[in-house]
Amino acid sequence: MPPSPWSHTRSASIADDIDFEIKGDDLQFVEIELDPGESAVAEAGAFVWKDASVQMTTVFGDGSADQGGGFMGKLLGAGKRLITGESLFTTVFTHTGSGKARVAFASPTPGSILPLNLGQLGGTLICQKDSFLAAARGVSIGLHFQRRVMTGLFGGEGFIMQRLEGDGWVFVQMGGALVERELAPGEELHIDTGCLAAYTPGVDFDLVMAGGVKSVLFGGEGLFFARLRGPGKVWIQSLPFARLAGRMLQAANHQGGNQGEGSILGGLGRMIDGN
């Protein structure tokens, strides 16, 4: 593959490693290169193309190698995926020939594909629902529950987020452009609740008030900001899909204008700000 800032070269010391390259700018896809016997797992509907020697198999659940417990274990794993907005099934792509073979997957929405090595992040990543796109086989998709009631109600993602676990590469889809921030112990970052894409488990996720009454009513930013406190890494997306869908709905209804997503005034807010 040609050199790329997002590309990764196989390390002989990591048995389950895969090679990949992210291609494109705003409408990206990931091209994964497999050695004989290697597999990649993808969300249903993400497939773009593959070489003929790559065999495709649909499995119940997340396709992880440690999904034991027989049928009930697989049923539980599939149920977790369903709760986090994913399909009951995943597709496993295995290179059954010789030499190198490639398979490609694309995000269904405009934005960025983020490649992360879970082994370098302590084995766990917490991210927004519907973010999983593809991974090296062995990565499991589970649930992360928000323990704070206020965070679950107003945190943008509800009480349940995705929890990706394993030691291999995983590819998650985010909206718009991406920013990575590494927070020192005790360092705080305030983010729009919809723009929080992912974070490592060491980061404390809570809410803070967006401001006074005037800011809440007329600022268009909602009641709360997401407050992330280190240590750990945080990934921020510039265009949550819900925001994009809201703009498209406004355009479809011929309302136009630029109403803040979090404003509680609705139509009155559009009148006040001239929309």
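Rules used in this analysis
Residues numbered from 1 in each chain as written. Predicted model: local features only at pLDDT ≥ 70, side-chain atom pairs only at ≥ 80, totals over all residues. Heavy atoms only, no water. Helix = DSSP H or I, 4+ residues; strand = E, 2+ residues; numbered from the N terminus. Buried < 20%, exposed > 50% of the residue type's maximum accessible area, 1.4 Å probe, protein only. Contact = heavy atoms within 4.5 Å. Core = buried A, V, L, I, M, F, W, Y, C linked by side-chain atoms within 4.5 Å. pLDDT = per-residue confidence, 0-100. Pairing = 2+ DSSP bridges. Axes fitted to C-alpha atoms, helices over the stretch in contact; angles between N-to-C directions. Phe/Tyr/Trp six-rings, centres within 6.5 Å; stacked < 30°, edge-to-face > 60°.

*Asks:* Just to check I follow, could you spell out the overall build of the chain for this structure?
*Replies:* Helix and strand counts for the chain come out as five helices and 19 strands. Burial statistics for the chain: of 275 residues in total, 46% are counted as buried. Pairs at least 24 residues apart make up 73% of the contacts formed inside the chain by residues separated by at least 6 positions.

*Asks:* What should I look at first to understand the nonpolar core in this one?
*Replies:* Taken as a class, soluble globular proteins show a tendency for nonpolar side chains to be buried jointly. Ranked by internal contacts, the top residues of the largest apolar core, which has 20 residues, are I18, V30, I32, F105 and F171. Going through the elements one at a time, β1 (19–23), β2 (29–34), β3 (39–43), β7 (101–106), β10 (132–136) and β13 (169–175) are the ones with two or more residues in this core. Core analysis: the next-biggest nonpolar cluster, separate from the first, contains 17 residues, L114, L125, M174 and A198 among them.

*Asks:* How should I be thinking about the confidence of the model for the chain in this particular structure?
*Replies:* Low pLDDT marks stretches whose predicted atomic positions should not be read closely. Taken residue by residue, the chain gives an average pLDDT of 75. The fraction at 70 or more is 64%. Here residues 65–69 is modelled with pLDDT under 50, and outside its nearest four sequence neighbours on either side it reaches 11 contacts, counting other chains as well.

*Asks:* Any chance you could explain the sheet that holds strand β4 (residues 47–50) here in plain terms?
*Replies:* Strands in a sheet are paired, the pairing made by backbone hydrogen bonds, and the direction either parallel or antiparallel. Pairing is antiparallel across the open sheet formed by four strands, whose spatial order is β1-β2-β7-β4. Lying at the two open borders of the sheet, with one neighbouring strand each, are β1 and β4. Taken over all neighbouring pairs, the strand axes of this sheet differ in orientation by 20° on average, direction set aside. Where β4 and β7 come together, three bridges link them in antiparallel fashion. When the sheet's bridge partners are listed, K50 is paired in β7 with V103.

*Asks:* How do you make sense of the packing of aromatic side chains when you look at a structure like this?
*Replies:* For any pair of aromatic rings, the description consists of the separation of the ring centres together with the inter-plane angle of the planes. Under the definition given, this model contains five aromatic pairs. Between F20 and F171, the aromatic rings sit 5.0 Å apart at their centres with planes inclined by 75°, giving edge-to-face as the arrangement. Here the residue F20 occupies a position in strand β1, and F171 occupies one in strand β13, the gap between them amounting to 151 residues. The burial state of F20 is the same as that of F171; both residues are buried.

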